[in-house]
Amino acid sequence: MSQTTLVPIDIPVLGMTCASCVGRVEKAIAAVPGVARAFVNLAAGRAHVEFNAEGQMPAVAEAIRKAGYEPLERTIDLKVEGMTCASCVGRVERALRAAPGVLSAQVNLATERATVTMLEGVDATALVSAVEKAGYRATPILEAGPDLSDREREARAAEIHALKRAAVFSALATLPLFLIEMGRHLIPGVHHLLADTVGEQPWRLISFALATLVLFGPGLRFYRKGVPNLIRRTPDMNSLVVLGATAAFAYSSVATFAPALLPAGANHVYFEAAAVIVTLILVGRLFEAQAKGRTSEAIKRLMTLQAKTAHVERDGAVREIPIAEVVAGDIVVVRPGERLPVDGEVLDGASYVDESMITGEPVPVEKRVGAGVVGGTVNKTGAFRFRATKVGAATLLAQIVRMVEAAQGAKLPIQAMVDRVTSWFVPAVIAAAALTFAAWLVLGPSQALSFALVNAVAVLIIACPCAMGLATPTSIMVGTGRAAELGVLFRRGEALQGLRDVQAVAFDKTGTLTLGQPALTDVILADGFTEADVLSAVAAVERNSEHPIAQAIVEGAQARGLTIPEPDDFNALPGFGAEAIVEGRRVQVGADRYMETLGVSVAIFTSQSEQLAQQAKTPLYAAIDGRLAALLAVADPIKDSAPQALAALRAAGLKVVMITGDNRRTAAAVGKQLELDEIVAEVLPDGKVAAIVALQARYGRVAFVGDGVNDAPALASADIGIAMGAGTDIAIESADVVLMRGDLRGVATAIDLSRSVIRNIRQNLIWAFGYNVVLIPVAAGLLYPAFGLLLSPMVAAGAMALSSVSVLANALRLRTFKPTRPVEYPAAQGSIA
């Protein structure tokens, strides 16, 4: 099946706690007919599903439920116009039910309303489009309810609140058990004091009651998931907790109510261990949930940039409507200080708009009639009206959010190894616990049954697939979020891992290393002339020309604040230059060959002209009333950020190459200024692809940096394609990475961040796997023969909870990432930085 025929959807899934949960949900979804691919991100709590035309979303939702988890759903109402009969109702219902992510749809002809239940992650604009394709008009009816990000935040807040309540209740019931049992073992006289005041059997009954409250109150959540998974022979972390806590509780219950069933000397109780296990794991999950909420803060900040309402002209009046009701073609009124709701084009009025969230530049940009504006940016002092051109999911801000979400939900190649290990990890832990129990029962000292139980329970509890499942996705979420704050958007999360191994970075020249438009760079005067006089006269001649070099001269004069007079008798001489009468003087501008035809010698500027040519600048000459007045130079200037960016890449040990269609002389001049390692010049777009293939054979993995317009083949053929984002060019489909601010230093930042994220993931995995490799044998009692040391199940529970929290804490360090070769971006009001 062609990749282009697949429909993607991201589904928030509640209830996942460890890597085993991830594997179970993935398998359940993948088994649904029509699903081409599915992968789940534990940290984000989302399932990414790609399905073909035969895929049914209700079947996907049901599969998730049968696996023991809950897909997040929502209901939305649409106002449907144009229906006239029952057949219209049927047609609209069929169209809605066929839309991706829709679970059910009901249409009422009388009220002209459609009520749609769908999976979260589905944009309402997809429903509107489906209805329009069926021949009707639909508008979302927005209640005063939360949007998607708010609903997910509310679901996460509800989970944290429930965990907090459960942890507090469990701790209050466990604390007496823990303190008294620890006192009996550690403080002399407490054991006898308890026996004399309460009595051994009454205390056991109290302990039984408290442990029962913990296990079958707050701890019931483990049984609800763990037991069904044990029955299905697909155990997860909940199953390990159930087995460990239940074993300790059941053994203690037998010792309390039927001690005669146990061997002599084995009449011990471990109610405190069962209760502490549940309590500590609840506390650990509470910390996990709170930390996971912080991993997606970049998305939250992005969403705050979106306006909630818009002032739209409807029926001759300006009405304030929810942003979701704005449609392309609407006339939107923007007042001073307001955030623009959608993308569009200015119709009338003028103002300055703060676009720092896109460009990183703190200086507001002037907007007049015909100028493009971007939703999420902030209007300053003026007021204007604009026509909405892109709304909903099509706006630039929505594209940025989707890019970040897609990258955060990606599954890197390194995750494949984790998936293979976790697929057999929990069954292996159960087998290890059984082996531990049997070994202690056969080989242990007196009271072997007690030793066997305690060590088997410790093995069950110490194992931590939670940490394994969180190791990769949390780092990806935090890393890609931090990248977005620095103006680097990973369109594909896989680029995070791929960039780390890049050996060479190839750049396009025009528009990438250079500004992409000619500019006046030098004015060298002959004796007796002033710059203001000569430049205003030359600009007057060139003001009527559309040639890029002529425009560069005019803009150069304007930038210097010069007044440009109107010329008379303008005459263009193709291939030579132009002339005109300016304020009574004949002004002639052109190449050296034009001066020769006029009989004007340019010999006095020979050395300067050669130097300018070596700097990739185009020399021009100006004569006034037949006398040589000045040598001017026009060039496509190198971007200010280019030297620093390339120096940073060289410092990182990378080869820096330029691939350009420009002539070899110009390319060599640019290459000399930027100290490039290699230059490939005079190549067409297809030639760029061949050049990249040659670089890959010579250096290994190659990243290509281009402007995303005529560099699409090269961007696609490189191992990693990096596009220079410029306003609405942000969604460049050929690239893996987009530099949102168009700053070349972002290339070094992206590579630096890639290395930091992969290093962070490796640290997490070393911790998660190393923790289990070291502590499972300790829990099994490996140190007992030599040192007499055993690991208490309570200590095991605390260590297990600490393992997951440690992984999350390490991933969250990426929020403070700073490039090792600092890139200073201007502070931007309203940006995500």
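Residues numbered from 1 in each chain as written. Predicted model: local features only at pLDDT ≥ 70, side-chain atom pairs only at ≥ 80, totals over all residues. Heavy atoms only, no water.

*Asks:* Before we move on, could you go through the packing of helix α15 (residues 448-462) against helix α27 (residues 745-780) and cite the residues and values that matter?
*Replies:* Running from amino to carboxyl end, α15 crosses α27 at an angle of 165 degrees, the nearest separation of the two axes being 8 Å. Taken together, the axis directions place α15 and α27 in an arrangement best described as roughly antiparallel. Crossing of α15 over α27 shows right-handed handedness. Contacts between α15 and α27 involve Asn-455, Ala-458, Val-459 and Ile-462 on the former and, on the latter, Tyr-771, Asn-772, Leu-775, Ile-776, Ala-779 and Ala-780. Here the contact of α15 with α27 is built from residues that sort into 8 nonpolar, 2 polar and no charged. (Axes fitted to C-alpha atoms, helices over the stretch in contact; angles between N-to-C directions. Helix = DSSP H or I, 4+ residues; strand = E, 2+ residues; numbered from the N terminus. Parallel < 35°, antiparallel > 145°, perpendicular 65-115°, else oblique. Left-handed = near helix turned anticlockwise from the far one by under 90°. Contact = heavy atoms within 4.5 Å. Nonpolar A, V, L, I, M, F, W, Y, C, P; charged D, E, K, R; others polar.)

*Asks:* Any chance you could break down a nonpolar patch on the surface for me, citing the residues and the numbers?
*Replies:* On the surface, Leu-175, Phe-178 and Leu-179 cluster together to form a nonpolar patch covering roughly 270 Å² of accessible area. Tracing the chain through its elements places Leu-179 in helix α5 (residues 148-186). (Patch = residues over 30% accessible without salt bridge, like charges linked within 9 Å, V, L, I, M, F, W, Y side chains within 5 Å. Areas by Shrake-Rupley, 256 points an atom, 1.4 Å probe, with all protein chains shown as cover. Salt bridge = Lys/Arg side-chain N within 4 Å of Asp/Glu carboxyl O.)

*Asks:* Got a sec to walk through the UniProt feature "transmembrane region" (unreviewed entry) in the protein? Specific residues and values, please.
*Replies:* With numbering matched to this structure, UniProt assigns "transmembrane region" (unreviewed entry) to residues 166-183, 203-220, 240-262, 268-287, 421-443, 449-472, 765-784 and 790-812. With 85% helix and 0% strand, the stretch residues 268-287 has end C-alpha atoms that lie 33 Å from each other. Span residues 790-812 is 87% helix and 0% strand, its end C-alpha atoms 33 Å apart. (UniProt positions renumbered as here; feature names shortened; annotations may be inferred.)

*Asks:* Break down the sheet that holds strand β1 (residues 7-14) for me, with residues and values.
*Replies:* Spatially, 4 strands are ordered β2-β3-β1-β4 in an open sheet, and the strand pairing comes out antiparallel. A single partner strand is all that each edge strand has here, and the edge strands are β2 (35-41) and β4 (70-71). Where β1 and β4 come together, 2 bridges link them in antiparallel fashion. Its bridge partner being in β4, Val-13 is matched across the sheet by Pro-71. Of the strands in this sheet, β2 and β3 (46-51) touch helix α1 (residues 19-30), which is tilted by about 165 degrees from β2. (Pairing = 2+ DSSP bridges.)

*Asks:* Can you break down the packing of aromatic side chains residue by residue, with the values?
*Replies:* Enumeration according to the criterion identifies 12 aromatic pairs in this entry. Between Phe-249 and Phe-271 the ring centres are 5.7 Å apart and the planes differ by 65 degrees, which places this aromatic pair in the edge-to-face class. Linking Phe-249 in helix α9 (residues 237-257) with Phe-271 in helix α10 (residues 271-295), this pair joins segments that are 22 residues apart in sequence. The buried category is assigned to Phe-271, whose relative accessible area is 1%. Here the aromatic rings of Trp-440 and Tyr-784 are separated by 5.3 Å at their centres, their planes lie at 65 degrees, and the arrangement is edge-to-face. On the criterion of sequence distance, the pair formed by Trp-440 in helix α14 (residues 414-443) and Tyr-784 in helix α28 (residues 784-787) is long-range, its members being 344 residues apart. (Phe/Tyr/Trp six-rings, centres within 6.5 Å; stacked < 30°, edge-to-face > 60°. Buried < 20%, exposed > 50% of the residue type's maximum accessible area, 1.4 Å probe, protein only.)

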